[in-house]
Amino acid sequence: MGFMDAEGVVDLYEGLKSEKQDAKSWADQLRKFVLPFSPTELESKFSWMGVDLKNLHDSTAVRANERLAAAHQSFLFDPGKIWFSYEPSSTLGLDNKASSRVKKWLGDCAERVYQALTESNFYTVNQQALLDRCGLGTGAFYCGMTNSNKLVFSYVPFDSFVFAEDDLGMPCMFIRSFEWTAAQAVKFFGGADRLSKGMKEAYGDEVERHKKKFTILHAVGKKDRYDPLTEMECFSMYVEKTDKHVLEEGGFEEFPYMVSRFLKWGNQFGIAPARLCWPEILHLQYNKRVIRLLGELKAFPRVKTSADLVGRVNLRPGGQTPVKGTDQLPQEWATVGQYSELMAEMEQDRQVVRSAFYLDVLDLFGAHKGEMTATEVNARLDEQLRAFSPTFFQHLNDSRPVMLRVFALMFRARLLDRENVPKELLLIDSDGGEIFNPEALPQVVYNSKFIQLMKQVHSGGIMSATEVVARMAQFDPTVVHRFDWNFAAQEVVRNGGVPEKFIQDDEKKEERMKEVMAYVQQMKQGGAPEEMVQ
């Protein structure tokens, strides 16, 4: 997408805003009962089955959304360990020796990036974006670097942005809308001469400069063509919307926004799990409201009184009400109400909501394992992971560009080991200096708890196959030669999470095999090499 002027930014914003209309309409409804603490323009009055629901009565969907978002953080971005690694780009075509050298340097980079993320506000902001992603379908945040070379992340509310995708389905244009006073704009942009006509008029008034607000659009888009050695990948433009006035122009070396969708269907915005159980969510609100009314009726029953009563009816505990004659009044009436069926309906609705938010899958990860065999655990785990994996992998795919941006930001800020960069990752610029090769940006590989669970299923399959082959080998020993047991052992151990240094490469394995063969040969000749005996 190429460079554009202020009018083009405003027109594009309005066009993308119309594309977002369906997603925004759903978000306005979902917030009420799924994400009630999110910024919203939703009216306080909401109706279901002819009954006004002004308040949140049942929090099942709220708790389900919070747990699902927390599961994303825990299973994909566990702050307790390094949940990612950088691997050499496949485009480099490195031999084994060079690849080993590059991997070692990238391993050090991953440790430094992990530490920097831990010291930043990444996990807090990521959790906010995940709540939007799971609750509204789409979440976003900004990634940048402070003047003191510290990573900084900023949450972007759902209602404040629109975006467009490229041909691969990745965000390539992001326009954020916000309101500032003229005084705020002067402080940020560095002078009143940058302001639009309307903003200058407001700035000239001592009161209006702090009171009147103007809508500002910040557009960031990837360029169609650029030289990665001399130009920035993205353009940046701040526009005052009313006067269509450019306040500032600039650029970014990488796309600075992370936009994650829960599931994609139709346009660029995501679909929230609550949309799959929306009738049940509303039904829960209605039934919970009815049950509370019935509970109040039980606690404070209706009372029939007589015209012959002396004074008022005393409904306080231990209160006495004088009556004339033998009338049995006051007495309760019309207090009959059974809500056991409503409770059963609500439990069914809650189960539908929990299932839509994958809580049954999350329960499986840590429950009942002691009551099942390893084969049963792997079978159920495989089934549930297949249902859950699309949304997890969607988030990993959406997050990959920001992990590369963090790498690039820290490299430029000299927070990575610049003294020992492998020569395979460098280029010689026009001035004869060394610069990082843009084509050598590493691949992001995730090593999160979710990936480990996927590997656990993979290892379980290998172990099950081993048992089957072992039984078959009793009838035909040659069957074992159809499989690469060396590779199988390596995969099972690697999937178990052992350090990579524990696994020897093929070259070292061959050397060790030669030593073993020499030892066996020496034993046949009546003695063993001293180093092998030791």
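Coordinates for the structure precede this section.
Residues numbered from 1 in each chain as written. Predicted model: local features only at pLDDT ≥ 70, side-chain atom pairs only at ≥ 80, totals over all residues. Heavy atoms only, no water.

1. Focus on the overall build of the chain
Scanning the chain from terminus to terminus reveals 16 helices and 16 strands. Burial status across the chain gives 41% buried among its 534 residues. In the chain, the proportion of contacts linking residues at least 24 apart, taken out of those at least 6 apart, comes to 69%. With an accessible surface of roughly 29800 Å², the chain has 51% of that area assigned to carbon and sulfur atoms. (Helix = DSSP H or I, 4+ residues; strand = E, 2+ residues; numbered from the N terminus. Buried < 20%, exposed > 50% of the residue type's maximum accessible area, 1.4 Å probe, protein only. Contact = heavy atoms within 4.5 Å. Areas by Shrake-Rupley, 256 points an atom, 1.4 Å probe, with all protein chains shown as cover.)

2. Focus: the packing of helix H3 (residues 60–76) against helix H5 (residues 122–136)
Between H3 and H5, the least distance of the axes is 9 Å, while the angle of their chain directions is 130 degrees. Between H3 and H5, the angle falls in the class oblique. With respect to the hand of their crossing, H3 and H5 are arranged in right-handed fashion. Together, Asn65, Glu66, Leu68, Ala69, Ala70, His72 and Gln73 of H3 and Tyr123, Asn126, Gln127, Leu130, Leu131, Arg133, Cys134 and Gly135 of H5 make up the contact between the two elements. Tallied by class, the residues present in the contact of H3 with H5 amount to 7 nonpolar, 6 polar and 2 charged. (Axes fitted to C-alpha atoms, helices over the stretch in contact; angles between N-to-C directions. Parallel < 35°, antiparallel > 145°, perpendicular 65-115°, else oblique. Left-handed = near helix turned anticlockwise from the far one by under 90°. Nonpolar A, V, L, I, M, F, W, Y, C, P; charged D, E, K, R; others polar.)

3. Structural notes on the sheet that holds strand E8 (residues 213–222)
A sheet is described by the order of its strands in space; here 5 strands give the open sequence E6-E7-E8-E9-E10, paired in antiparallel fashion. Only two strands of the sheet have a single partner each, and these edge strands are strand E6 (161–165) and strand E10 (245–252). The mean inter-strand angle of the sheet, taken between neighbouring strand axes irrespective of direction, is 15 degrees. Across 7 bridges, E8 lies against strand E9 (residues 234–240) in antiparallel orientation. What sits directly across from Gly221, in E9, is Phe235. Along the sheet face, helix H6 (residues 182–189) touches strand E7 (171–181), E8, E9 and E10 and points at about 125 degrees away from the line of E7. (Pairing = 2+ DSSP bridges.)

4. Description of the packing of aromatic side chains
Here the structure, examined in full by the defined rule, presents 33 aromatic pairs. Aromatic side chains Phe189 and Tyr238 sit 5.3 Å apart centroid to centroid with 70 degrees between the ring planes, which places their arrangement in the edge-to-face category. Here Phe189 is found in helix H6, whereas its partner Tyr238 is found in strand E9, with 49 residues between them in sequence. You can call Phe189 buried: its relative accessible area is 5%. Take Tyr238: its relative accessible area is 9%, and that puts it in the buried class. The ring of Tyr203 has Arg209 lying over it, and the distance from NZ or CZ to the ring centre is 4.0 Å. Above the plane of the ring of Phe411 lies Arg418, whose end atom (NZ or CZ) is 4.2 Å from the centre. (Phe/Tyr/Trp six-rings, centres within 6.5 Å; stacked < 30°, edge-to-face > 60°. Lys NZ or Arg CZ within 6 Å of the ring centre and 35° of its normal.)

5. A short note on the pairing of strand E11 (residues 257–261)
The buried fraction of E11 is high, at 5 of 5 residues. Neither face of E11 is exposed, since Tyr257, Val259 and Arg261 on one face and Met258 and Ser260 on the opposite face are all buried.

6. Some details on the sheet that holds strand E5 (residues 151–156)
Read across the sheet, 3 strands follow the order E5-E4-E11 without closing on themselves; strand pairing throughout is antiparallel. Strands with a single pairing partner mark the edges of an open sheet, and in this sheet they are E5 and E11. Each strand axis lies, on average, 25 degrees off the axis of its neighbour in the sheet, ignoring direction.

7. Quick notes on the side chain of Ser177
Counting through the fold element by element, Ser177 comes out in strand E7. For Ser177, a relative accessible area of 17% gives the class buried. Setting aside residues up to four positions removed in sequence, Ser177 forms contacts with Tyr13, Ser160, Thr215, Ile216 and Leu217.

8. Observations regarding the packing of helix H2 (residues 21–33) against helix H9 (residues 278–299)
Between H2 and H9, the shortest axis-to-axis distance is 11 Å and the interhelical angle comes to 40 degrees. It follows that H2 is oblique to H9 by the angle criterion. When you trace H2 past H9, the crossing you get is left-handed. Side by side, H2 and H9 meet where Trp26, Gln29, Leu30 and Phe33 of the first sit next to Trp278, Ile281, Leu282 and Gln285 of the second. In terms of residue class, the contact of H2 with H9 is built from 6 nonpolar, 2 polar and no charged.

9. Considering the pattern of salt bridges
On inspection of all chains with the given rule, the structure shows 17 salt bridges. Across the salt bridge formed by Arg31 and Asp159, the nearest N and O atoms sit 3.2 Å from each other. Of this pair, Arg31 sits in helix H2 while Asp159 sits in the loop between E5 and E6, placing them 128 residues apart in sequence. Given the relative accessible area of 2%, Arg31 is considered buried. Overall, Asp159 belongs to the partly exposed group, its relative accessible area being 25%. (Salt bridge = Lys/Arg side-chain N within 4 Å of Asp/Glu carboxyl O.)

10. Section: the environment of Glu165
With respect to the helices and strands, the residue Glu165 is situated in strand E6. A sequence separation of 104 residues divides Glu165 from Phe269, and the C-alpha atoms of the two residues are 9.9 Å apart. For Glu165, the contacting residues outside a window of four places in its chain are Met170, Pro171, Cys172, Arg261, Lys264 and Gln268. One polar contact links Glu165 to Arg261, side chain to side chain, over a distance of 2.8 Å. Within polar-contact distance, the side chain of Glu165 engages the side chain of Lys264 at 2.7 Å. (Polar contact = N/O pair within 3.5 Å; in protein donor to acceptor, adjacent residues only side chain to side chain.)

Such coordinate-based values are descriptive only and should not be taken to indicate function.
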